[in-house]
Number of protein chains: 2
Amino acid sequence: MKKYIPILKRTKLFAGVAEDEIDAMLSCLDARLHEYKKGEYVLREGEHLNHITVLVSGELHIQRDDYWGNRAIVNRIAVGEMFGEAYIAPESGALLNDVVAVEDSAVIFFDVRRIITVCSSACRFHSMVVQNLFFAISQKNKTLVQKLGHISKRTTREKLISYLSEEAKRQNSASFTIPFNRQQLADFLSVDRSAMSNELCKMRDEGLLEFEKNQFKLL
Amino acid sequence: MKKYIPILKRTKLFAGVAEDEIDAMLSCLDARLHEYKKGEYVLREGEHLNHITVLVSGELHIQRDDYWGNRAIVNRIAVGEMFGEAYIAPESGALLNDVVAVEDSAVIFFDVRRIITVCSSACRFHSMVVQNLFFAISQKNKTLVQKLGHISKRTTREKLISYLSEEAKRQNSASFTIPFNRQQLADFLSVDRSAMSNELCKMRDEGLLEFEKNQFKLL
DNA sequence: CTCTTTCTGTTGTAAATACAACCGACTTAT
DNA sequence: ATAAGTCGGTTGTATTTACAACAGAAAGAG
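Overview of the structure.

**What to know about the pattern of salt bridges**
- According to the stated counting rule, one finds 24 salt bridges over all chains in the structure shown.
- Across the pair Arg 76 of chain A and Glu 59 of chain A runs a salt bridge whose closest N-O atoms are separated by 2.8 Å. With a gap of 17 residues between them, Arg 76 of chain A in strand E5 (residues 71-77) and Glu 59 of chain A in the loop between strand E3 (51-57) and strand E4 (60-65) connect regions that are remote in the sequence.
- A residue is classified by how much of its surface remains accessible, and Arg 76 of chain A, at 24% relative accessible area, is partly exposed.
- Judged by its relative accessible area of 13%, Glu 59 of chain A falls in the buried class.
- The shortest N-O distance in the salt bridge between Arg 157 of chain B and Glu 206 of chain B comes to 2.9 Å. Taken together, the residues Arg 157 of chain B in helix H5 (residues 156-170) and Glu 206 of chain B in the loop between helix H7 (193-205) and strand E10 (209-212) connect sequence positions 49 residues apart.

**Observations regarding the nonpolar core**
- One finds Phe 110 and Leu 133 of chain A together with Phe 110 and Leu 133 of chain B to be the most contacted residues of the largest nonpolar core, which totals 62 residues.
- Sequence-distant contacts of Phe 110 of chain A, defined by excluding residues within four places in its chain, comprise Leu 8, Phe 14, Leu 26, Leu 29, Ala 31, Asn 50, His 51, Ile 52, Val 54 and Ile 115 of chain A.
- Val 42 and Leu 55 of chain A together with Leu 95 and Val 145 of chain B belong to the second largest nonpolar core, which has 44 residues in total.

**Considerations on helix H6 (residues 182-189) of chain A**
Residues and elements named next belong to chain A.
- Taking burial as the measure, the eight residues of H6 include six buried ones, the bulk of the element.
- Restricting attention to buried positions, one finds in H6 the residues Arg 182, Leu 185, Ala 186, Asp 187, Phe 188 and Leu 189.
- Its side-chain oxygen placed 3.1 Å from the backbone nitrogen of Gln 183, Asn 181 serves as the N-cap of H6.
- Phi for Ser 190, located one or two positions after H6, is positive at around 60 degrees.

**Points about the sheet that holds E10 of chain B**
Residues and elements named next belong to chain B.
- Sheet architecture is open: three strands sit in the order E9-E11-E10, paired in antiparallel fashion. At either end of the open sheet lies a strand with only one pairing partner, and these are strand E9 (175-177) and E10. Taken pair by pair, the neighbouring strands of this sheet meet at an average axis angle of 20 degrees, ignoring direction.
- With four bridges connecting them, E10 and strand E11 (residues 215-218) associate as antiparallel partners.

**Some details on the interface of chain B and chain A**
- Taken residue by residue, the interface counts 43 residues in chain B and 43 residues in chain A.
- Here chain B and chain A share an interface that buries about 3700 Å² over both sides, 65% of which is from carbon and sulfur atoms.
- Of all residues in chain B, the largest losses of buried area upon contact with chain A belong to Phe 134, Leu 148 and Arg 154 of chain B, amounting jointly to 19% of the total for that side.
- Scanning the region where chain B abuts chain A turns up zero salt bridges.
- Summed over the shared surface of chain B and chain A, the number is ten residue pairs in polar contact (both at pLDDT 80 or more).
- At the level of secondary structure, the elements contributing two or more residues to the side of chain B that touches chain A comprise strand E5 (71-77) and helix H4 (126-151) of chain B.

**Section: the relation of the copies chain B and chain A**
- When chain B is brought onto chain A, the operation consists of a screw motion whose angular component is 180 degrees and whose axial shift is 0.0 Å, with 0.0 Å RMSD remaining. Taken together, the rotation and translation describe the operation of a two-fold axis. Ranked by how close their C-alpha atoms come to the rotation axis, the residues of chain B are headed by Asn 141 of chain B, at 2.8 Å.

**A short note on the packing of helix H4 (residues 126-151) of chain A against H4 of chain B**
- For the pair H4 of chain A and H4 of chain B, the least separation of the axes is 10 Å and the interaxial angle reads 20 degrees. By the criterion of interaxial angle, the relationship of H4 of chain A to H4 of chain B is roughly parallel. In terms of crossing hand, the pair formed by H4 of chain A and H4 of chain B is left-handed. In this structure, H4 of chain A uses Val 130, Leu 133, Phe 134, Ile 137, Ser 138, Lys 140, Asn 141, Leu 144, Val 145, Lys 147, Leu 148 and Ile 151 of chain A to contact H4 of chain B, whose residues at the interface are Val 130, Leu 133, Phe 134, Ile 137, Ser 138, Lys 140, Asn 141, Leu 144, Val 145, Lys 147, Leu 148 and Ile 151 of chain B.

Rules used in this analysis
Residues numbered from 1 in each chain as written. Chains lettered and ligands numbered in written order. Predicted model: local features only at pLDDT ≥ 70, side-chain atom pairs only at ≥ 80, totals over all residues. Heavy atoms only, no water. Salt bridge = Lys/Arg side-chain N within 4 Å of Asp/Glu carboxyl O. Helix = DSSP H or I, 4+ residues; strand = E, 2+ residues; numbered from the N terminus. Buried < 20%, exposed > 50% of the residue type's maximum accessible area, 1.4 Å probe, protein only. Core = buried A, V, L, I, M, F, W, Y, C linked by side-chain atoms within 4.5 Å. Contact = heavy atoms within 4.5 Å. Polar contact = N/O pair within 3.5 Å; in protein donor to acceptor, adjacent residues only side chain to side chain. Pairing = 2+ DSSP bridges. Axes fitted to C-alpha atoms, helices over the stretch in contact; angles between N-to-C directions. Buried area = accessible area lost by both parts, 1.4 Å probe. Least-squares fit on C-alpha atoms with pLDDT ≥ 70 in both. Parallel < 35°, antiparallel > 145°, perpendicular 65-115°, else oblique. Left-handed = near helix turned anticlockwise from the far one by under 90°.

Spelled out as structure tokens, the structure:
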């Protein structure tokens, strides 16, 4: 687990905490490392979670499949990001979604109660972590609202424009790479892949954008 | 403002805090009361917010209108609920949505920094409020994921079933009242009102449910 | 009470989407 | 090298949805 301390240092959760302090906090927070192969489930819908988790290697999707096999990708977790923040409250109930490794991944689990209950003075940076967690959850909240903004658009084209222009803004460039292939993007935006592919090509023919694989450019 | 203390006592934010303690905390948290008439904007997209707010009277919608006049209702705030938790972080940027009073409403604003920075021992219950805020944000997060689950369904019928069965579950009865009229429900689920109305009637004719105004019964 | 406004359901048409099936390019495994 | 699998684009059709327009019922104003 110690090899991931430099990664933890760069996460929102441990922002401003020195590496040796993180090292000291690992046991205080009862940190546990788990590893997953590509395609493995980290957590399944219906399970109960009493941990805050941080992805330290690989990539995860928060997703849900319905009876008919339609997949909805609720969120994508990149290295350094957290998940499980929606289940901090004691009465928060079972997981609503599956969490799946889309690459070989490593996840560190932290005991929720140990985080939010500030411990003895041994952890001098604990209160900073609590505040970081505040900000991180708050920001995740905002991310979800943004995603709602995308998929509440009525047409596939509008959803694409909404999503792509936010990515351009976020990456601060008209040229950018998206972290999804076509099927994943379709699942993320809740549309049919072929219809979306069709629409993307129409938009390209109309001169709105260019793309090749995951590389997009808005014009 | 004092007349709303009994209401505050019943909110998630002040759960477990006695009324006289809340009274004492109001000034500590720099609480300010604002009132709005039905239809007035509490906040507008693009503004900056440095407060956590609690609705103590009336009803609010978090919504957004696009260029073509399509309205998306992101969330509904009932008495005792908070909003603005997505903008706690210092770098969280401008509001993504409008906040509108759909009834005559009263809102109390609390200074964010004063909440998350635990003050002197005068506020003995401050740390409890911090923990309450944690749980409340976390739960809001979960609510947003649930809403994503509804509108990521492909057809109007599936969206309706998803929403209505959750309401039934939440209200713990096959008969329940929803807090939206038809237009608002359509805006909430991101579908066309007339198409939705049509679909509801088809479902009724097929014996899936009964309804009258806002009163629904799943069969 | 009457007039106006709002709400809900209905219908027809045009547009958009889902679905299935297929193809070619490319990658990976054996 | 060959075969199998993955990925993205294309097409046609059936289904679904949006949109506009209208009508009756209910609610609210004067």
